[in-house]
Amino acid sequence: MKIHTRQAIACSVVAFALACGALFAFLGAPASAEGAGEAMGRLFALTGLAGLVCGWVAAKSPRLWSWPKFVGAYALTCVLILALTAHSYAVQPASGNAVGPDFTAKWPTRWTVQHLDGISSDPRARGLGSRERGVFGDAKAPDAMIEVGCMHLVDGKPVKLAEEFERILSGVSKGYEDKGYVVSISKRYFTHVGTYDGLAATLVAVGEDTELIQGLSIAQSATCLLTSSLSSRSKAQYEANLGAYLDVKLSVR
């Protein structure tokens, strides 16, 4: 095995081990095995690519590279690859940036509205649809928040609305329960999102000093699973903004 090959392998192995150790030491263990696998895969790709580049350049060089020279070039290559990767992410629209929505909705005055990419704030939801969020009152602690979204149907195939609604309700309920809330959900009832028939329910999550009320609705268009929600921190705020929510929900096109 040629020396530049040994140098590339050694640098890649050591860099991968150090990067994994630093990642888990400073950021802690990932929340899931999937997250850990993705993080380690990215690190392996970075350290391996830097090794390949430096090994190839060293092989083409008329002079033999010393270990200090190879390690220095390897470190610089890692930095350059990281910088290029960071730049590619920076020029892409981040989750939450303004985008063209897949639908339109009419909002009342005094509501602050954002057009957001993705069906949720989860980065994995980018590209699966879009949503609009309106807040009433203080943006950091609003009296009420309305969201209307469109999740693209896979291959345009319709979903079983009742089953999908139960899945959504179960996920929202579990999210609150994991935070220590006691959750109750009303009976499901028929509603409309825009001109489309749908299902709705009201969820109440009660904590030690907090009560959260959330109305949830879904319907299905030719291309989207349409979702809408109204969230408030008290029954009074919920009822005060229910009329605005119904107007927004029925205006969806």
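Scoring rules and cut-offs
Residues numbered from 1 in each chain as written. Predicted model: local features only at pLDDT ≥ 70, side-chain atom pairs only at ≥ 80, totals over all residues. Heavy atoms only, no water. pLDDT = per-residue confidence, 0-100. Contact = heavy atoms within 4.5 Å. Helix = DSSP H or I, 4+ residues; strand = E, 2+ residues; numbered from the N terminus. Expected span 1.5 Å × (residues − 1). Buried < 20%, exposed > 50% of the residue type's maximum accessible area, 1.4 Å probe, protein only. Arc of directions from axis to C-beta. Salt bridge = Lys/Arg side-chain N within 4 Å of Asp/Glu carboxyl O.

Moving on: the confidence of the model for the protein chain. Per-residue confidence for the protein chain gives a mean pLDDT of 84; residues scoring 70 or more make up 88%. Note that pLDDT drops below 50 for residues 90-100; the model gives that stretch 16 contacts with residues more than four away or on any other chain.

What follows covers helix H4 (residues 161-178). Helix length check: H4, at 18 residues, gives a terminal C-alpha distance of 26 Å against a target of 26 Å (1.5 Å per residue), a fit within 8%. Looking only at H4, the buried set comprises Leu161, Glu164, Phe165, Leu169, Ser173 and Tyr176. All buried residues of H4 fall inside an arc of 165° around its axis, so they share one side. Exposed residues pointing more than 90 degrees away from the buried face of H4 are listed as Glu163, Arg167 and Asp178. As for H4, its buried residues are in contact with strand S3 (144-152), strand S4 (182-185), strand S6 (196-206), strand S7 (211-220) and strand S8 (224-232). Just downstream of H4 lies Gly180, where phi reads positive at about 95°.

A full pass over the atoms with the stated rule returns five salt bridges. Two residues, Arg188 and Glu166, come together in a salt bridge whose shortest N-O distance is 2.9 Å. Here Glu166 lies in helix H4 and Arg188 lies in the loop between S4 and strand S5 (189-193), a separation of 22 residues in the sequence. In this structure Arg188 comes out as partly exposed when scored by relative accessible area, which is 37%. Connected through shared salt-bridge partners, Arg131, Arg133 and Glu147 make up one network.

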